[in-house]
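Structural characterization, general
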Amino acid sequence: FRSTEQLKTVIDECHARGIAVILDMVFNHAFGQSPMVRMYWDGSRPAPNSPWFNQEPTHDFNVGFDYNHESPHTRQYVKDILERWIAEYRFDGFRMDLTKDFTQNVGGDFGAWAYDGTRIAILKDYADHVWSVDPDAYFICEHFAQNSEERELAEYGMMIWGNMNHPYRDGIMGWVNNSDVTWGLY
């Protein structure tokens, strides 16, 4: 798009045709070239006094530098951005990338697999803020955590993207022993 007005026009045209427009948001990491990362930099990673980023990764499959979602500065930053995309641009909601990483708790083979009430509270806080701007907004989490967490988030009103591509692929290929798609039921 050459202007914000063109983007707004496309979104309005989608709405006129009954199409919802979901924005993919990546609030789990940023890379070293990010101005936010560079503002508090120790030469090779975020400095310990960064208001937004962890100095060390919080999970085993980290890419870039991860946000500290327990920081009030990060929480306000995320809320401000989500609010602006809905209020000004009229997006219908968000698909939140790797929400399992919205924690400071590390554990398990792939990071924070264990139930984490703090992570749940952070996600509910973000969703509540989005819904305070637009009660009908979609809030979709790419979560990859325990089913108890995903169930709690779904019961709260969020949608879960559960990465069902492997079981569906196996089912299509006839490998029924590896094709449990029950998590695909909303």
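Rules used in this analysis
- Residues numbered from 1 in each chain as written.
- Predicted model: local features only at pLDDT ≥ 70, side-chain atom pairs only at ≥ 80, totals over all residues.
- Heavy atoms only, no water.
- Helix = DSSP H or I, 4+ residues; strand = E, 2+ residues; numbered from the N terminus.
- Buried < 20%, exposed > 50% of the residue type's maximum accessible area, 1.4 Å probe, protein only.
- Phe/Tyr/Trp six-rings, centres within 6.5 Å; stacked < 30°, edge-to-face > 60°.
- Axes fitted to C-alpha atoms, helices over the stretch in contact; angles between N-to-C directions.
- Parallel < 35°, antiparallel > 145°, perpendicular 65-115°, else oblique.
- Left-handed = near helix turned anticlockwise from the far one by under 90°.
- Contact = heavy atoms within 4.5 Å.
- Nonpolar A, V, L, I, M, F, W, Y, C, P; charged D, E, K, R; others polar.
- Pairing = 2+ DSSP bridges.
- Core = buried A, V, L, I, M, F, W, Y, C linked by side-chain atoms within 4.5 Å.

Let's talk about the environment of Ala-154
For Ala-154, the position within the fold is in helix α5 (residues 147-156). A residue is classified by how much of its surface remains accessible, and Ala-154, at 28% relative accessible area, is partly exposed. Separated by 40 residues in the primary sequence, Ala-154 and Ala-114 have C-alpha atoms spaced 17 Å apart.

A short note on the packing of aromatic side chains
Under the defined criterion, the tally for this structure stands at 10 aromatic pairs. Ring geometry for Phe-53 against Tyr-67: centres 4.4 Å apart, planes inclined by 35 degrees, an arrangement best described as tilted. Of the two residues, Phe-53 sits in the loop between α2 (35-39) and β3 (65-66) while Tyr-67 sits in the loop between β3 and α3 (72-87), which places them 14 residues apart along the sequence. The pair Phe-53 / Tyr-67 is uniform in exposure class, with both members buried. Centroid distance Tyr-67 to Tyr-77: 6.1 Å. Interplanar angle 20 degrees. Geometry classified as stacked.

Some points on the packing of α3 against helix α4 (residues 117-133)
One way to put it is that α3 packs onto α4 with a least axis distance of 9 Å and a crossing angle of 30 degrees. Judged by the inter-axis angle, α3 sits roughly parallel to α4. Between α3 and α4 lies a crossing whose hand is right-handed. For the pair formed by α3 and α4, the contact residues are Thr-74, Arg-75, Val-78, Lys-79, Leu-82, Glu-83, Ile-86 and Ala-87 on the first element and Ala-121, Ile-122, Asp-125, Tyr-126, His-129, Val-130 and Val-133 on the second. For the contact of α3 with α4, the residue count by class is nine nonpolar, two polar and four charged.

Describing the side chain of Lys-79
Tracing the chain through its elements places Lys-79 in helix α3. Among the residues examined, Lys-79 registers a relative accessible area of 16% and is labelled buried. The residues contacting Lys-79, other than those within four sequence positions of it, are Asp-125, Tyr-126 and His-129.

Section: the sheet that holds strand β5 (residues 138-142)
Strand pairing in a sheet relies on backbone hydrogen bonds. The paired strands run either parallel or antiparallel. With parallel pairing, the four strands of this open sheet are ordered in space as β1-β4-β5-β6. Across the chains shown, the open sheet's two edge strands, defined by having one partner strand only, are β1 (22-25) and β6 (159-161). Neighbour-to-neighbour, the strand axes of this sheet turn through a mean angle of 25 degrees, independent of strand direction. The pairing of strand β4 (residues 93-96) with β5 spans four bridges and is classified as parallel. Residue pairing across strands places Met-96 opposite Cys-141, the latter belonging to β5.

Some points on unusual backbone geometry
Although it is not a glycine, Arg-90 adopts a positive phi angle of roughly 70 degrees. Within the element layout of this structure, Arg-90 appears in the loop between α3 and β4. Look at Leu-98: it is not a glycine, yet its phi comes out positive at around 45 degrees. Topologically, Leu-98 is positioned in the loop between β4 and α4.

Re the nonpolar core
Core analysis: the biggest nonpolar cluster contains 26 residues, and Leu-82, Phe-94, Met-96, Val-130, Phe-139 and Met-158 have the highest contact counts within it. Those elements giving two or more residues to this core turn out to be α1 (4-16), β1, α3, β4, α4 and β5. Ranked by residue count, the leading element in this core is α4, at seven residues. If you look at the next biggest cluster of nonpolar residues, it comprises seven residues, including Trp-52, Phe-53, Phe-65 and Tyr-67.

Considerations on the packing of α4 against α5
Their axes nearest at 11 Å, the elements α4 and α5 cross at an angle of 20 degrees. Relative to α5, the element α4 lies roughly parallel. Judged by the sense of rotation from one axis to the other, the crossing of α4 with α5 is right-handed. Each of Arg-119, Ile-120, Leu-123, Lys-124, Asp-128 and Trp-131 in α4 lies in contact with α5, whose residues at this interface are Glu-149, Glu-152, Leu-153 and Tyr-156. Across the contact of α4 with α5, the residue classes tally to five nonpolar, no polar and five charged.

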